[in-house]
Amino acid sequence: MTRKTLTWTMTTMLSLGLVLSGCSSSTQSSSTPQPAKETAKASGESAQPAKKVTLKMMHLWPTGNSATQNKIVNDIIKEYQTANPNVTIEQEVLENEQYKNKMKVLSTSNALPDVGFTWAAGYMDPYVKGDMFAPLDDLLQGDLKDKFVNGTTNAYAFGGKTYGLPVELNIVPVYYNKAIFAKFNLQPPKTYDEFKNVVKTLSAGGVAPIALGNKDRWTGSLWYMYLADRIGGPETLKKAIDRSGSFNDPGLIRAASEVTQLVDMNAFNKGFNGLSNDEGKAEFMNSKAAMYMMGTWELPNYTTNKDVPQAFKDQIGFFKFPTVDGGKGNLDSWVGGPGVGLFVANNSKVKEESKKFVSFFVQKWGEHAISEAGVIPATKVDTSKVKLPQMYMDLLNELNKASNITLFADVQMKPASAEVHLNMIQALFGKAVSPEDFAKKHEEALAKEAK
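As the structure is a computational prediction, the values presented were derived from the model and not from experiment. (Residues numbered from 1 in each chain as written. Predicted model: local features only at pLDDT ≥ 70, side-chain atom pairs only at ≥ 80, totals over all residues. Heavy atoms only, no water.)

Novice: Please explain the overall build of the chain as it appears in this structure.
Specialist: When its secondary structure is counted, the chain shows 20 helices and 15 strands. For the chain, buried positions account for 57% of its 451 residues. Taking the intrachain contacts of the chain between residues at least 6 apart in sequence as the baseline, contacts between residues at least 24 apart amount to 79%. Looking at the chain as shown, the accessible area adds up to about 18,400 Å², and 49% of this sits on carbon and sulfur atoms. (Helix = DSSP H or I, 4+ residues; strand = E, 2+ residues; numbered from the N terminus. Buried < 20%, exposed > 50% of the residue type's maximum accessible area, 1.4 Å probe, protein only. Contact = heavy atoms within 4.5 Å. Areas by Shrake-Rupley, 256 points an atom, 1.4 Å probe, with all protein chains shown as cover.)

Novice: Would you explain the nonpolar core in this entry?
Specialist: Side chains that are nonpolar tend, in soluble globular proteins, to be buried together. Y224 and M291 are the most contacted members of the largest nonpolar core, which has 143 residues in total. At 9 residues, helix α10 (residues 218-232) tops the list of elements feeding residues into this core. The contacts of Y224, once residues within four sequence positions are left out, are L237, F247, L252, A255, A256, V259, H421, I425 and F438. (Core = buried A, V, L, I, M, F, W, Y, C linked by side-chain atoms within 4.5 Å.)

Novice: Sorry if this is basic, but what is going on with the confidence of the model for the chain here?
Specialist: For any part of a model where pLDDT is low, the fine detail of the predicted coordinates should not be relied upon. Scored by pLDDT, the chain comes out at a mean of 87, with 88% of its residues at no less than 70. In the model, residues 1-46 has pLDDT below 50 throughout and makes 100 contacts with residues more than four positions away in sequence or in other chains. (pLDDT = per-residue confidence, 0-100.)

Novice: Looking at this structure, how should I read the packing of helix α9 (residues 192-204) against helix α12 (residues 250-264)?
Specialist: Working note: a packed helix pair is described by the angle between its axes plus the distance between those axes. Relative orientation of the contacting elements α9 and α12 amounts to 25 degrees, with a least axis distance of 11 Å. The angle between α9 and α12 places the two elements in the roughly parallel class. Once α9 is placed against α12, the crossing between them reads as right-handed. Note on element contacts: α12 touches α9 through E258, Q261 and L262, opposite Y192, F195 and K196. Residues that form the contact of α9 with α12 fall into these classes: 3 nonpolar, 1 polar and 2 charged. (Axes fitted to C-alpha atoms, helices over the stretch in contact; angles between N-to-C directions. Parallel < 35°, antiparallel > 145°, perpendicular 65-115°, else oblique. Left-handed = near helix turned anticlockwise from the far one by under 90°. Nonpolar A, V, L, I, M, F, W, Y, C, P; charged D, E, K, R; others polar.)

Novice: Would you explain the pattern of salt bridges in this entry?
Specialist: When the charged atoms of two side chains with opposite charge come close together, those side chains can pair. Tallied over the entire structure, the rule returns 17 salt bridges. K355 is the partner of D138 in a salt bridge, and the nearest nitrogen-oxygen pair spans 3.1 Å. Highlighted residues: D138 in helix α7 (residues 137-140) and K355 in helix α16 (residues 351-373), separated in sequence by 217 residues. Residue D138 is classed as partly exposed on the basis of its relative accessible area, which comes to 40%. Under the relative-accessibility criterion, K355 is labelled buried at 9%. The shortest N-O distance in the salt bridge between E398 and K401 comes to 3.9 Å. E398 gets classed as buried once you look at its relative accessible area, which sits at 12%. With relative accessibility at 40%, the residue K401 sits in the partly exposed group. (Salt bridge = Lys/Arg side-chain N within 4 Å of Asp/Glu carboxyl O.)

Below, the structure written as structure tokens:
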């Protein structure tokens, strides 16, 4: 089975321009499932009580750190249950890493929830091969036909079938605190040399330059991926993963070396390798660190989240990861891709009702995500009638002109290689492995899994 990784070219990204210019909304009530008794009346039959159905859903947006997304999920569930009073949806909510661990545990006994969320590409590989996810192509040819931005479902397709439907699109900017930058007379850097000067200045001034919680490991991978892109170009890392290239490429080794140099420069907050992403993020949210690099799923905290003080939101800006002198990458090449996507368990006893709910959820998420969350959806939505925060619009424009978007490395990789990658990332940031050995361990894991 061929795993499709996701890299978008400028041609694909230009299709987003149609979305922003006001294409027709795809979230009208015509796609909303109707209560069974109304259908019966419309056909002239005597109303029959609909069979009671309970769906189990698992998601990764707790109220604590993802309050806006959590509210949207609950609002959509309420809407669906109102339209379908015979359906009860039970939720289990876990934070990111707990969610991944629970998925592993449930998969061993093929006891996945009826509906849940998955990451794309390599992450999905064992679930698809294990026949645990149901194909959702019937939805793409039904109510969801032509509803997704071009290319967003590709990374969820295996062997010509689609096993997940994304709800978000993401790119990864560097957010920064404009007040802290102003205090030190700093400007957003455009070159990596300028960036290192910012780091040196902040560190010397007693301010943590970068907020990072690398206990989760994928957070440090974002920094490595950008350095690999800017030094070796967007194809180098991708080719190393798909085996048309090698992880021993000099550009990939140099990227690892640059990571260790940042550590030596005290670029990150104290104890970063033992802190979770939420703990690391708190350093930025509390204005103790000047920069924080994370996906656009963080946008609500700087735009629409009512729990975040407006004074803090007003002082947050973003910049693109700087170019490296002599490197092959450019400023408009991004790390990112579709966010998590919905799956339906193949052995669900309520599979058809689960698919109806997934179709409803995807479309309603597109409505709520823009107007309430400030999250970029994977579906086409008319933004012309919605007043949007400037940062949101600026990042949408960046997404529109992106020259390349490379899917997160650990998501591209199959599970065993992804685990090696994440462990090596933490070791690299902890200076427990040399850049050369970092590359060697990756090469060995990828070669072994490719056999």
